[in-house]
Amino acid sequence: MASRSTPPSETIRVEADVVFARRDTGDLLLDLYRPVTVGTVPVVLWLHGGGWFAGDRTLAPDLARHAVATGCAMASIEYRLSSQALFPAQLHDVRAAVRFLTAHAGPYGLRPGAVGLWGASAGGHLAALAGLTGHLAEVPGERESGAVPVKAVAVSYPPVDLAEVVADAETARPGLDAKSTPEARLLGGHPARLPEQARLASPLTWISPGAPPFQISHGTADVLVSHRQSERLHAALVAASVPSELHLLDGYRHGFLNPPGRLDVALGRVMDDGRLAAEGEQAAFGFSDIHDFFRKHLMTEENR
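None of the values given here were measured: they were computed from a predicted structure. (Residues numbered from 1 in each chain as written. Predicted model: local features only at pLDDT ≥ 70, side-chain atom pairs only at ≥ 80, totals over all residues. Heavy atoms only, no water.)

Asker: I keep staring at the overall build of the protein chain and nothing clicks. Help me out?
Answerer: When you go through the protein chain residue by residue, the secondary structure sums to 9 helices and 11 strands. Per-residue burial for the protein chain yields a buried fraction of 57% across its 304 residues. Taking as baseline every contact in the protein chain between residues at least 6 positions apart, the subset at least 24 positions apart corresponds to 71%. Taken as a whole, the protein chain presents about 12,300 Å² of accessible surface, with 53% of it coming from carbon and sulfur. (Helix = DSSP H or I, 4+ residues; strand = E, 2+ residues; numbered from the N terminus. Buried < 20%, exposed > 50% of the residue type's maximum accessible area, 1.4 Å probe, protein only. Contact = heavy atoms within 4.5 Å. Areas by Shrake-Rupley, 256 points an atom, 1.4 Å probe, with all protein chains shown as cover.)

Now the structure itself:
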């Protein structure tokens, strides 16, 4: 497994426990890792996985190291879990975090308008949704107002059709109580019985030609969220003329971006050299590709 090597403090500035939204269930916090550099920098929001019912903002890759590698600030954010609020509360929280960092770009040394989203599993689902709805002033049920434009979205093993994910689980595990699935917990019931909620919770619903570029990665041996989900997202984006790159990782299971010891169900592991390694072999995709993606789309003249 990879060891985590955090850059020295003189290369990174950390703002921890920043309140970005207040909810009835408690304050929502983020941790911001900003490279120490002259001028403003883009910001990438990390959204953790955990099936929308587990995990927190510490379930993340080494964001300090990735901030230095990309030249972008990295913000690991909280969102309400499904035990606290049903969807679309989680999407509201992600959009609130983007609004907060945009509104406070000056004090944090961030570049207004240069925002990326990065998420895995449930976090990938929310990153895709937030990226695809960023041009909207409001989404259903939202109290705050104002568009939250996003320039780039990187997602790994995201569920995009919740009804299909549950149907796959029911086929694989006959007798499964579907009400206990993460998707049913998120929506408040079986997705097939809540078609409108499931439709609104699907990134496929919100794809439009003006969507930001996507990078999608998924393991072909994922038994929790089939790689068909990423294939469908990629195909729909391409059909809408949205730039999208799909990386299917042969033999990888769910959770390959998880830090060691945290929801550790991955076959492969992201190594310190930025490549993915499964059974001692290097794959053709890794952190360095994610870094390149964000540098390409956030470090442009348009965003300077």
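From this point, things continue past the structure.
Asker: Just checking my understanding: could you explain the sheet that holds strand β7 (residues 214-219) for this structure?
Answerer: In sheet architecture, strand pairing relies on hydrogen bonds along the backbone and comes in two forms, parallel and antiparallel. Strand order in the open sheet made by the 8 strands is β1-β2-β4-β3-β5-β6-β7-β8, with mixed pairing throughout. Strands at the two margins of the open sheet, each flanked by one partner only, are β1 (12-23) and β8 (244-249). Each adjacent strand pair in this sheet contributes to an overall mean axis angle of 20°, direction not counted. Relative to strand β4 (residues 73-77), strand β2 (residues 26-35) is paired through 4 bridges, and the arrangement is antiparallel. Counted as the bridge partner of L32 is A75 from β4. (Pairing = 2+ DSSP bridges. Axes fitted to C-alpha atoms, helices over the stretch in contact; angles between N-to-C directions.)

Asker: Can you help me understand the confidence of the model for the protein chain in this one?
Answerer: As a general rule, the predicted coordinates of low-pLDDT regions are not to be interpreted in detail. Scored by pLDDT, the protein chain comes out at a mean of 89, with 87% of its residues at no less than 70. Of the regions scoring below 50 in pLDDT, residues 262-280 engages in 64 contacts with residues more than four places distant in sequence or in other chains. (pLDDT = per-residue confidence, 0-100.)

Asker: Quick question: what am I supposed to make of the packing of aromatic side chains here?
Answerer: Given two aromatic rings, their pairing is described by the distance between the two centres and the angle made by the two planes. According to the stated counting rule, one finds 7 aromatic pairs in the structure shown. On the numbers, 6.1 Å between centres and 90° between planes, the contact of W118 with F287 is edge-to-face. Here W118, found in strand β5 (residues 110-120), pairs with F287, found in helix α9 (residues 287-298); they are 169 residues apart in sequence, far enough to count as distant. Look at W118 and you get buried, because its relative accessible area is 1%. What makes F287 buried here is its relative accessible area of 5%. Seen from their ring centres, Y157 and F256 are 4.9 Å apart, and the 75° between their planes marks the pair as edge-to-face. Of the two residues, Y157 is situated in the loop between β6 (152-156) and α5 (162-172) and F256 in the loop between β8 and β9 (269-270); the sequence distance between them amounts to 99 residues. For the pair Y157 and F256, a shared accessibility class is recorded, and that class is buried. The ring of F53 carries the charged tip of R185 above its face, separated from the ring centre by 4.3 Å. (Phe/Tyr/Trp six-rings, centres within 6.5 Å; stacked < 30°, edge-to-face > 60°. Lys NZ or Arg CZ within 6 Å of the ring centre and 35° of its normal.)

Asker: Please explain the environment of R295 as it appears in this structure.
Answerer: Tracing the backbone shows R295 in helix α9. Here R295 is in contact with A69 and T70, once residues within four sequence places are set aside. Here D292 takes part through its side chain, which lies 2.4 Å from a polar atom of the side chain of R295. (Polar contact = N/O pair within 3.5 Å; in protein donor to acceptor, adjacent residues only side chain to side chain.)

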